[in-house]
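# Inside the fold
One-letter residues, chain by chain:
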Amino acid sequence: MPTIPRPEPTTPDANWWRDDRFGMFIHWGLYSAFEGEWEGRNNKPSSWGFDCWIQLFADIPAADYRNAARSFTPDGFNAEEIVLLAKAAGQRYLIVTAKHHDGFCMFDSDFTDFTITKATPFDRDPVAELRDACERHSIDFGVYYSLPDWHEKTMPQEMSTYRYHSQPDSSASVEKYREFMIGQLKELVGKYRAKILWFDDGDFDVFKPEGRDRSDVLGTTDLIAQLREINPQLLVNNRAGLGDFSTPEQHIPDQPGDRLFEACMTIGKAWGYISYDEPKPAHVFTRNLSDLSHKGGNYLLNISPKPTGEVADWQRETLEEIGAWMDTCAPAIHASKPSPWPGIPEWGRITTNSDGSTIYLHVFEQPAIGFAILPGMTTIPARITLLNDPDNTPDMFPRTLKGDLWLHLPEQISRGSLAPEHPAVFALEFEQAPAITVQQTS
Ligand code: FHN
């Protein structure tokens, strides 16, 4: 019987994802039920290891961890509310942890009983509810899928960097585990219509066989090809090897390469919910949005729903403040293009609109000389508007000096009702994309 040749993995169009620019990450699973503590053990004041990894680092016996599912009834979960919260914040795609390292599935998988639909009294399917809400509100839907599965018998214990497994089985093998993974991934790309597949490798080890890398051990090329037979436009991140975009975590690269990239970050300290998390100021995230857009990168900002399924007030308030800034400044972020100049100006960041006819100056602080200088530009903008507060657009006295465009940045620039730490965004509008002889900005 001739084998059917699998199509070469296509490189899908990622423009829709890049134009989305800003996504919501959701870490929510059985680990959330512990709130970062087990029998008095926690990792205060840190969070490390006691959010999604608590089963391993608090050394919770497998039976106790599984028993926690029996009382996991997150009746406060409301997918519509969460998706509308994302939309209002300017997040245009959403990635939810369908399965984290503990192997507990927040979706109704046919390949295990360790799921929210079978192992808990909560007879709902949160992943399906989030998918439906995303489709209702035109938010692109994707799923996080952990490469290690501490519960699945077919997974070799050696695949865990910590050699951890809640029920190790000597008959486990990479081949059996790969078939298990492909089955679940086909559920998530097929039945659950995930458009983005966000592999995670937190506790994943590929045995480091001589000369073999992750994508070789996992057969990632064939795995992606099989999934793209279901959805040819499926986007995959880089953590199973190969993939369409890289995923710097908790930081923004200084000099991103020429590859699509997305920085993922926590809204506090922890990925999964802990009762002792610490908020960060909202302007940290709006400045990150400006910085990533200047560099052409996406931003995936995480929330960690409580054991009840509700979003903690401080996380909601942070997203609402980001949304208030995006209400006026989104044109400089969504579908924007990176700065036409190399380097980073001392005063902030730069993006342009899709055809370059508008240049956005994202001002963080006033430069020493009081001017933003755009080198190699001799076209005076037709119009300048302060997006944060158009009625209070200051005169920037634009003028060209020695082939560069100089714009005065006053000390006080309105951010409307928001704190001055948020970026002030000026839209410089031109009849058409201005000619720029590229040099370093200052
Ligand atoms: O171990 C995981 C962690 O819990 C979290 O899911 C992050 C998100 O990117 N990934 C791994 C750590 O790199």
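So, here's what we can say about the structure. Everything numeric in this text was worked out from a predicted model, so none of it was measured.

### As for helix α10 (residues 313-329)
With 17 residues, α10 extends 24 Å from end C-alpha to end C-alpha; this agrees with the ideal 24 Å at 1.5 Å per step. What α10 keeps buried is the set Gln315, Thr318, Leu319, Ile322, Gly323, Trp325, Met326 and Cys329. The arc that holds every buried residue of α10, seen down its axis, measures 165°, which confines them to one face. Relative to its buried face, α10 has exposed residues pointing more than 90 degrees away, namely Asp313 and Asp327. Where α10 is buried, its residues meet β1 (22-26), α4 (79-89), α9 (282-295), β7 (298-303) and β14 (424-429).

### Looking at empty space enclosed by the protein
Summed over the entire model, instances satisfying the criterion amount to one cavity of 30 Å³ or more. Considered as a void within the structure, the largest cavity measures approximately 30 Å³ in volume. In terms of lining, the largest cavity is formed by Gln55, Ala62, Tyr65, Arg66, Asp102, Phe114, His151 and Ser166. For the lining of the largest cavity, the leading source of residues is helix α3 (residues 62-69), giving three residues. Of the residues in the lining of the largest cavity, the class split is three nonpolar, three polar and two charged.

### Details of the site of the ligand
Near the ligand, the surroundings consist of 13 residues, among which His27, Trp53, His101, Asp200 and Glu249 are the closest. In this structure, an oxygen atom belonging to the ligand sits 2.7 Å away from a side-chain N or O atom of Trp53. With respect to the ligand, the side chain of Glu249 contributes an N or O atom lying 2.9 Å from an oxygen atom. Starting from 320 Å² of accessible surface for the ligand in isolation, the protein chains cover 88%. A majority-of-atoms criterion places the ligand in the largest pocket.

### Quick word on the state of the cysteines
Following the criterion strictly, the structure yields zero disulfides and no others. Cys134 takes part in no disulfide bond, and the closest cysteine sulfur to it belongs to Cys264, at a distance of 18 Å. Here Cys264 is not disulfide-linked; the sulfur of Cys52 is the nearest cysteine sulfur, at 12 Å. Taking relative accessible area as the criterion, Cys264 reaches 0% and is therefore assigned buried.

### Observations regarding the pairing of strand β9 (residues 358-363)
Burial within β9 is extensive, with six of its six residues counted as buried. Alternating residues of β9 divide into Thr358, Tyr360 and His362 and Ile359, Leu361 and Val363, and every residue in both groups is buried. In the sheet, strand β8 (residues 348-352) pairs with β9 via five bridges, with the strands oriented antiparallel. Across the sheet, residue Thr352 finds its bridge partner in β9, namely Ile359. Once β8 ends, the chain turns through five residues before running back antiparallel as β9, passing Gly356 with a positive phi of about 80°. Taken together, the six bridges between β9 and β14 define a ladder with antiparallel strand orientation. Counterpart to Thr358 in the pairing with β14 is Glu429.

### Some remarks on helix α6 (residues 174-189)
If you check α6, its first and last C-alpha atoms are 22 Å apart, about what 16 residues at 1.5 Å a residue would give, namely 22 Å. All of the buried residues along α6 are Val174, Tyr177, Arg178, Phe180, Met181, Ile182, Gly183, Gln184, Leu185, Glu187, Leu188 and Val189. Buried-residue contacts for α6 involve β2 (93-99), β3 (140-146), β4 (196-200), α7 (214-218) and α8 (220-228).

### Some thoughts on the nonpolar core
Formed by 115 residues in total, the largest nonpolar core has its most connected members in Leu94 and Leu130. Residue contributions to this core peak at eight residues, all from α6. Apart from residues lying up to four places away in sequence, Leu94 is in contact with Met24, Ile26, Val83, Leu130, Cys134, Ile139, Asp140, Phe141 and Gly142. Judged by nonpolar contacts, the second largest core, of 19 residues, contains Val363, Ala372, Leu405 and Ala424.

### A short note on unusual backbone geometry
That bond from Lys44 to Pro45 is cis: its omega, -5°, falls within 30 degrees of zero. Among the secondary structure elements, Pro45 is positioned in the loop between β1 and α2 (54-57). We note that Asp59 has phi near 55°; this positive angle belongs to a residue other than glycine. With a relative accessible area of 56%, Asp59 lands in the exposed category. Although it is not a glycine, Gln250 adopts a positive phi angle of roughly 60°. Following the sequence through the fold, Gln250 ends up in the loop between β5 (235-236) and β6 (262-266). According to the relative accessible area criterion, Gln250 is partly exposed, its value standing at 35%.

So, how was this worked out
Residues numbered from 1 in each chain as written. Predicted model: local features only at pLDDT ≥ 70, side-chain atom pairs only at ≥ 80, totals over all residues. Heavy atoms only, no water. Helix = DSSP H or I, 4+ residues; strand = E, 2+ residues; numbered from the N terminus. Expected span 1.5 Å × (residues − 1). Buried < 20%, exposed > 50% of the residue type's maximum accessible area, 1.4 Å probe, protein only. Arc of directions from axis to C-beta. Contact = heavy atoms within 4.5 Å. 1 Å grid on protein atoms, 1.4 Å probe; cavity = no way out; pocket = protein on both sides within 12 Å on 5 of 7 lines; lining within 4 Å. Points joined across faces, edges and corners; volume = space filled by probe spheres on them. Nonpolar A, V, L, I, M, F, W, Y, C, P; charged D, E, K, R; others polar. Near = heavy atom within 4 Å. Polar contact = N/O pair within 3.5 Å; in protein donor to acceptor, adjacent residues only side chain to side chain. Areas by Shrake-Rupley, 256 points an atom, 1.4 Å probe, with all protein chains shown as cover. Sits in = over half its atoms within 2 Å of the grid points. Disulfide = S-S within 2.5 Å. Pairing = 2+ DSSP bridges. Core = buried A, V, L, I, M, F, W, Y, C linked by side-chain atoms within 4.5 Å.

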